[in-house]
Amino acid sequence: MKSSITLCSFLFFALFAQLLFSQKTRIVKDLTAGTQGSPLYDETILGTWDNKLFFLYPDSVNFDLQPWVTDGTPENTFRLHENAIISIYLDYLFTNDGLYYAFPDNNSGKSEIWFTDGTEANTKMLYQYDYVTPSLLTYFAGDLYFAAVNDNFGVDLRKLNLSSNMVEVVHSFSSFGEIRDLAVLNDRLIIIGGAPDGIYLFKSDGTPAGTQSYHLLNSGSDFNSTEDVRMTAVGDKLFFFYQPDGEDYKLYVTDGTTEGTEALASFDKMPFPNFQQKQAIRAWNGKLIFNAVTYNSSNDNALYVSDGTASGTTKITVGNTEYPDPVYFTEYSGILYFMAETYSGIFNVYKTNGTQAGTSLSIDASVLGGGLSFGGSYMTVFRDSLFFYGYRSNVGEELWKSDGTTAGTSVIDIVPGTGSSVPLNLFATDNYLFFTAEDNLHGRELWIYDPDFSSNTRSIPASAFHIFPNPASNMLYLEHELSNAIACIKTLDGKTFATFPLLSNMETIPLHDLKAGIYLLAIYSSQGNGVQKIVVMDKN
């Protein structure tokens, strides 16, 4: 037994650098204990503001979603208010002031608009009314504008005065067409809305008298939804998509005048869900970059660019495939990077400056081996690197980091071996890279990558923390008086099962998913680091 303990200690110190690096990725807070995990997915991760991540998480009684915030530390991860949100009807907007969000409240039965800056003290309801959730929240000239159903079942453009919290109707639109989209262009609001005789482009200075139509889009049937229009401002031009009655989808551009409004190109299909979920549209370097299909019956999505003219709206060939399905347009070091699919179904990372000559392969997954594919899933910039999801046969689905070149690309192996952490929903702040992931002891939870993490390299004695019962079958208890402490369970050959913060002086550690055997429990803290052997017995 003595030699076994010596081996455990030797392996711990030999693997110290690897263990320390693994602590750079860790769970923020175990919101749902055990392997079940938390319901964190695209629609519940809202975004970042002021180095905080905002997300929705259900309460433990009715499982109604509620707004939460975190700065990446367990103690500052908390619920903002108890009002219950139906996420599929949530509309939200980040501004320089904070987060505005509208939702139907399950508790009051009314629709509400709220504001938060990420503190409980400054989280407040601004507006409440009886109809369908306010939508298309838009910040303009210091006030909040939105679409709201009126008593005649048409839709109003309303203004919420953020100084007085008073609401006024700016303009009422016909139930035919309602409001399809709303955006800011220079010093005007541009609206696609319904009138008795058709669908028009409107412009507004935010007042009833200063709101008028200026261009007829369609006098026939209208089946466009808000998600299908996707108004995007690029400099002094506003791009949008619209499908007139019985025609193809058209890309339009407008400068707010009749003379400056025209259809630029027609498309057979548009991947509208990907525009939102996979960032497949982007205003960049004075151009609109987007994913679309031209006259093809299959889902063969290609890369397109437009400078706001018909002649300057063109398709760009990517790699060795005609239809690469480009997604996750991400600016990095002055270049636009994106993921695209090859003929073999592998996703590589490409870069473009918006021209055919300036578009090329950046990160070649085939060179990195192991059947690596970046899967067309999740890419963002944190500090001075690109981060994205990738799958390789010998490491599973893990987080990858790159300087934009194949040679400068490496894996951050959260679950070593062929196990997978499946990192999704990547969001960066100044301090951390946030993402959702899972390991062997936790289901899907919120994680961070913290490149600045370091622990005290001084050893602490085994008496600094007490583990009992040991041996154990299903549960361990860890008692300690350490600060800023993190625990890691590893096998003797270095395989990580779980890492988690120690949030209290008495922690419960589930062992349900561990087979019988000897493991290492490594502790990292401000006072130093330590390791103890734990013995897991056969389950009862």
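Residues numbered from 1 in each chain as written. Predicted model: local features only at pLDDT ≥ 70, side-chain atom pairs only at ≥ 80, totals over all residues. Heavy atoms only, no water.

A. View of the overall build of the chain. When helices and strands are counted, the chain shows five helices and 43 strands. Taken over the C-alpha trace, the chain has a radius of gyration of 27 Å; the compact-globule value for 540 residues is 24 Å, and the two agree within 12%. When its C-alpha atoms are laid out on the principal axes, the chain stretches across 90 × 55 × 40 Å. Residues classed as buried in the chain amount to 55% of the 540 residues present. Contacts in the chain between residues far apart in sequence, at least 24 positions, make up 47% of those at least 6 positions apart. Between the centroid of the 32 positive side chains of the chain and the centroid of its 60 negative side chains there is a distance of 8 Å. (Helix = DSSP H or I, 4+ residues; strand = E, 2+ residues; numbered from the N terminus. Rg over C-alpha atoms; globule rule 2.2 N^0.38 Å. Buried < 20%, exposed > 50% of the residue type's maximum accessible area, 1.4 Å probe, protein only. Contact = heavy atoms within 4.5 Å. Lys, Arg positive; Asp, Glu negative; His and termini not counted. Charge placed at Lys NZ, Arg CZ, Asp CG, Glu CD.)

B. Examining the nonpolar core more closely. Membership of the largest hydrophobic core comes to 52 residues, with the highest contact counts inside it found for F241, M270, F290, F374 and F435. Broken down by element, this core gets its largest block of residues, four residues, from strand β31 (residues 385-392). When near neighbours in sequence (up to four residues on either side) are disregarded, F374 contacts M339, F347, N348, V349, I363, A365, L368, F388, Y389, G390 and W400. Counting residues in hydrophobic clusters, the runner-up holds 23 residues, among them I460, A472, L502 and Y519. (Core = buried A, V, L, I, M, F, W, Y, C linked by side-chain atoms within 4.5 Å.)

C. A look at the packing of aromatic side chains. Counted according to the given criterion, the structure contains 30 aromatic pairs. When the ring of F338 is compared with that of Y350, the centres are 5.9 Å apart and the planes differ by 20 degrees; the resulting orientation is stacked. Within this pair, whereas F338 is found in strand β27 (residues 335-341), its partner Y350 is found in strand β28 (residues 347-352), the two being separated by 12 residues in sequence. Among the aromatic side chains, those forming a connected cluster through ring pairs are F241, F267, F290 and Y304. Between K203 and the ring centre of Y214, over which it is positioned, the NZ or CZ distance is 5.5 Å. (Phe/Tyr/Trp six-rings, centres within 6.5 Å; stacked < 30°, edge-to-face > 60°. Lys NZ or Arg CZ within 6 Å of the ring centre and 35° of its normal.)

D. Region of the structure containing empty space enclosed by the protein. On inspection of all chains with the given rule, the structure shows two cavities of 30 Å³ or more. Its boundaries defined by the atoms lining it, the largest cavity holds a volume of some 60 Å³. Contributing to the lining of the largest cavity are 10 residues, with I414, W447, T496, A498 and T499 lying nearest its centre. Here the element with the most residues in the lining of the largest cavity is strand β40 (residues 496-501); it accounts for four residues. In terms of residue class, the lining of the largest cavity is built from five nonpolar, four polar and one charged. (1 Å grid on protein atoms, 1.4 Å probe; cavity = no way out; pocket = protein on both sides within 12 Å on 5 of 7 lines; lining within 4 Å. Points joined across faces, edges and corners; volume = space filled by probe spheres on them. Nonpolar A, V, L, I, M, F, W, Y, C, P; charged D, E, K, R; others polar.)

E. Structural detail: the side chain of K52. Counting through the fold element by element, K52 comes out in strand β3 (residues 52-58). A polar contact is formed between the side chain of K52 and the side chain of D50, at a distance of 3.0 Å. Among all residues touching K52, those that are not within four sequence positions of it are G47, V69, T70, D117, G118 and T429. (Polar contact = N/O pair within 3.5 Å; in protein donor to acceptor, adjacent residues only side chain to side chain.)

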